[in-house]
Amino acid sequence: AANINVAKYTLPAMIDGVTLSVNHVSDNTAMGMGDSNGDATSNGIAVDYAAGALTAKVDYTNYQGNAAGYTSKTRVAASYDMGMATVGFGNESNAAADAADADKYTIIGLSAPVGSNMTVGVVRVTREIGTAASLAGTSYGLKYNLSKRTNLSASVSNWDASSTVRSDKTKVVLSHAF
């Protein structure tokens, strides 16, 4: 059974479009991106910006007792809605006590509506793992709205599972919001 305690506070906006939040997480089962890390805690701070077509985010998380070896995580992301398409960029750097455990993700994506009910997109991700070789992958997807609360999505992904092995995946998901 999971025992996760989260405390988060978002300060009132003092500048149009800018919000600041702080958080504390105490987790005895999982931290970060689903890693099973035992008794771990983290403290984080984030600044978000949203005005018009531009959104951006910067956040920093400090870990204590993270079994995956991470000591901190820094993320920067932004997206811009150009009307006909939205382009986004993100970067995540995970520092670790052992440099071989550190990793860095860089993501760039593009999504565009096709008609009133469908959106298509492409995402490219690269991952640098400590002193190991970089890995990369690309996903292509589409989402078709069947109604206001129901959609059908499909994606095809081609990823490097290692420096010599590729992993190809296809997903189809029917989703309904209650």
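To be clear, the structure that these remarks concern was listed above.
Remember, predicted model here, so these are calculated numbers, not experimental data.

**Section: the side chain of Ser139**
Logical step 1: Topologically, Ser139 is positioned in strand β9 (residues 135-145).
Logical step 2: On the accessibility criterion, Ser139 (16% relative accessible area) is buried.
Logical step 3: Here Ser157 takes part through its side chain, which lies 2.7 Å from a polar atom of the side chain of Ser139.
Logical step 4: What Ser139 contacts, discounting residues up to four positions off in sequence, is Gly121, Val122, Val123, Val156, Ser157 and Trp159.

**Focus: the sheet that holds strand β2 (residues 18-27)**
Logical step 1: Judged by pairing direction, the sheet is antiparallel, and its eleven strands sit side by side in the order β1-β2-β3-β4-β5-β6-β7-β8-β9-β10-β11 without closing on themselves. Of all strands in the sheet, those bounded by a partner on one side alone are β1 (4-10) and β11 (166-176). Averaged over all pairs of adjacent strands, the angle between strand axes in this sheet comes to 15°, irrespective of strand direction.
Logical step 2: By the bridge criterion, seven bridges tie β1 to β2 in an arrangement that is antiparallel. Bridged to Lys8 within β2 is Asn23.

**Comments concerning the environment of Met118**
Logical step 1: Tracing the chain through its elements places Met118 in strand β8 (residues 118-129).
Logical step 2: Ignoring anything within four residues of it in the chain, the contact list for Met118 reads Ala112, Pro113, Lys143 and Tyr144.

**Digging into the pattern of salt bridges**
Logical step 1: If you walk through the whole model with that rule in mind, you get three salt bridges.
Logical step 2: Two residues, Asp48 and Lys57, come together in a salt bridge whose shortest N-O distance is 3.3 Å.
Logical step 3: On the accessibility criterion, Asp48 (23% relative accessible area) is partly exposed.
Logical step 4: Using a relative accessible area of 31% as the deciding quantity, one classes Lys57 as partly exposed.
Logical step 5: Between Asp103 and Arg127 there is a salt bridge, with its nearest N and O atoms 3.0 Å apart. In this pair, Asp103 sits in strand β7 (residues 103-114) while Arg127 sits in strand β8, placing the two residues 24 residues apart along the sequence.
Logical step 6: The exposure class assigned to Asp103 is buried, which follows from its relative accessible area of 4%.

Reading the values: the criteria
Residues numbered from 1 in each chain as written. Predicted model: local features only at pLDDT ≥ 70, side-chain atom pairs only at ≥ 80, totals over all residues. Heavy atoms only, no water. Helix = DSSP H or I, 4+ residues; strand = E, 2+ residues; numbered from the N terminus. Buried < 20%, exposed > 50% of the residue type's maximum accessible area, 1.4 Å probe, protein only. Polar contact = N/O pair within 3.5 Å; in protein donor to acceptor, adjacent residues only side chain to side chain. Contact = heavy atoms within 4.5 Å. Pairing = 2+ DSSP bridges. Axes fitted to C-alpha atoms, helices over the stretch in contact; angles between N-to-C directions. Salt bridge = Lys/Arg side-chain N within 4 Å of Asp/Glu carboxyl O.

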